[in-house]
Amino acid sequence: RRCLSASRARLTCARFSTSDASGVHPLWLAVGADDGCIHTFRFKEPFCESKAHSGAEAVEKVATLRGHSAAVIDVSFADTLPCCYLLSVDATGQSLAFDVPMARRMPSVGLVRDLPFSPWTAPIGWPVLGCWSSQRSAESAPLPLRRFSEIPGRNMIAVSNVDA
């Protein structure tokens, strides 16, 4: 049985980057884990044209992105080509931004504020301002389980509570 880290942390979320029909830009996969790490993978070909892949010839692990102090609950790639930026949120509500090809954490989430992240699925961020109590502080309890999904072309976000 394979695992992504020595701590054998449970995987919590995953997301693919925007796919490039021309095949010029690589396809990325980001996988969040319980230990606060995000594992990034680059596919060597944006499309699977072979019927059998054992793994190594199709995908390579690029980096383990660190910075979260709790389980990562959402990851999202910027909807740009080439895909360079990743936004992540952990269970405490901390949001971090990463430069994926360089495998570096960005100094501020504000640096990616104007980039399109579509569909929006993160529980916090600019598109979902107003979905949380204004009294919520950084030291408060973990985020309640909610799911967010942008409705493309409608400038709307659907929100649902999830029973634990």
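One can find the structure itself at the top, above this paragraph.
Numbers given for residues are sequential positions, taken from 1 along each chain in its written order. Residue-level local features of this predicted model are given only where pLDDT is at least 70; pairs of side-chain atoms are given and counted only at 80 or more, and the full residue set underlies all totals for whole chains, interfaces and linings. Processing note: side-chain calculations cover all non-hydrogen atoms of the structure and skip hydrogens and water entirely.

Draft legend 1. Region of the structure containing the overall build of the protein. Along the protein, the regular secondary structure elements total zero helices and 10 strands. In this text, helices come from DSSP runs of H or I with a minimum length of four residues, and strands from runs of E with a minimum of two, each type numbered from the N-terminal end. Helices and strands appear in the protein in the N-to-C order β-β-β-β-β-β-β-β-β-β. Relative accessibility under 20% of the residue-type maximum defines a buried residue, over 50% an exposed one, and the middle range a partly exposed one, all with a 1.4 Å probe and only protein chains included. Counting over 164 residues, the protein shows a buried share of 34%. The criterion used for residue contact is that any of the two residues' heavy atoms lie within 4.5 Å. Long-range contacts, defined here as pairs at least 24 residues apart, represent 44% of the contacts in the protein between residues at least 6 apart. Exposure was quantified through the Shrake-Rupley algorithm and a 1.4 Å probe, taking into account, for residues, occlusion by the shown protein chains and nothing else. Summed over all atoms, the accessible surface of the protein reaches about 9800 Å², with 53% contributed by carbon and sulfur.

Draft legend 2. The arrangement of the pattern of salt bridges in detail. For this analysis, a salt bridge means a side-chain nitrogen from Lys or Arg found within 4 Å of a carboxyl oxygen belonging to Asp or Glu. Counting across every chain of the model gives three salt bridges. Where Arg15 meets Asp74, a salt bridge forms, and the shortest distance between an N and an O atom there is 3.8 Å. Placement of the pair is Arg15 in strand β1 (residues 11-16) and Asp74 in strand β5 (residues 72-77), with a sequence separation of 59 residues.

Draft legend 3. Summary view of the sheet that holds strand β8 (residues 104-105). Only strands that DSSP links by at least two bridges are regarded as paired with each other. Reading across the sheet, the four strands line up as β5-β6-β7-β8 and stay open at both edges, with antiparallel pairing between neighbours. With one partner strand each, in any of the chains shown, β5 and β8 form the two edges of the open sheet. Looking at chain direction, strand β6 (residues 85-90) and strand β7 (residues 95-99) are connected through five bridges and run antiparallel. Its bridge partner lying in β7, Ser88 is registered against Leu96.

Draft legend 4. Region of the structure containing the environment of Arg10. Tracing the backbone through its elements, the reader meets Arg10 in the segment before β1. Residues Arg10 and Asp34 lie 24 residues apart in sequence; the distance between their C-alpha atoms is 5.4 Å. Setting aside residues no more than four positions away along its own chain, Arg10 makes contact with Gly32, Ala33 and Asp34.

Draft legend 5. Examining the environment of Glu60 more closely. Position of Glu60 among the secondary structure elements: in strand β4 (residues 59-65). Note: C-alpha distance between Glu60 and Arg42 (18 residues apart in sequence) is 5.5 Å.

Draft legend 6. Looking closely at the nonpolar core. We call a set of buried residues a nonpolar core when its members are Ala, Val, Leu, Ile, Met, Phe, Trp, Tyr or Cys and they connect through side-chain atoms within 4.5 Å of each other. Grouped together as the largest cluster of nonpolar side chains are 14 residues, with contacts concentrated most on Ala30, Ile38, Leu65, Val75, Phe77, Leu86 and Phe98. If you list the elements that add at least two residues to this core, you get β2 (27-33), β4, β5 and β7. The leading source of residues in this core is β5, at three residues. In contact with Ile38, other than residues within four places in its own chain, are Ala30, Val31, Gly32, Ala63, Thr64, Leu65, His68, Val72, Val75, Leu86, Ser88 and Phe98. Listed in part, the 11 residues of the second largest apolar core include Leu87, Ala97, Met106 and Ala122.

Draft legend 7. Quick peek at the packing of aromatic side chains. Within 6.5 Å between ring centres, the rings of Phe, Tyr and Trp (the latter by its six-membered ring) count as paired, and their orientation is classed by plane angle as stacked under 30 degrees, edge-to-face over 60, tilted in between. As enumerated under the stated definition, the model contains one aromatic pair in all. Look at Phe16 and Phe43: their rings are 5.8 Å apart centre to centre, the planes differ by 45 degrees, and that puts the pair in the tilted class. Taken together, the residues span a long stretch of sequence, with Phe16 in strand β1 and Phe43 in strand β3 (residues 38-43) at a distance of 27 residues. Taking relative accessible area as the criterion, Phe43 reaches 18% and is therefore assigned buried.

Draft legend 8. Structural detail: the pairing of β6. Most of β6 is tucked away, with five of its six residues classed as buried. The sheet contact formed by β5 and β6 spans five bridges and is antiparallel. When the sheet's bridge partners are listed, Asp74 is paired in β6 with Val89. Where β6 folds back on β7, the antiparallel hairpin that results is connected by four residues, among which Gly93 adopts a positive phi of roughly 95 degrees.

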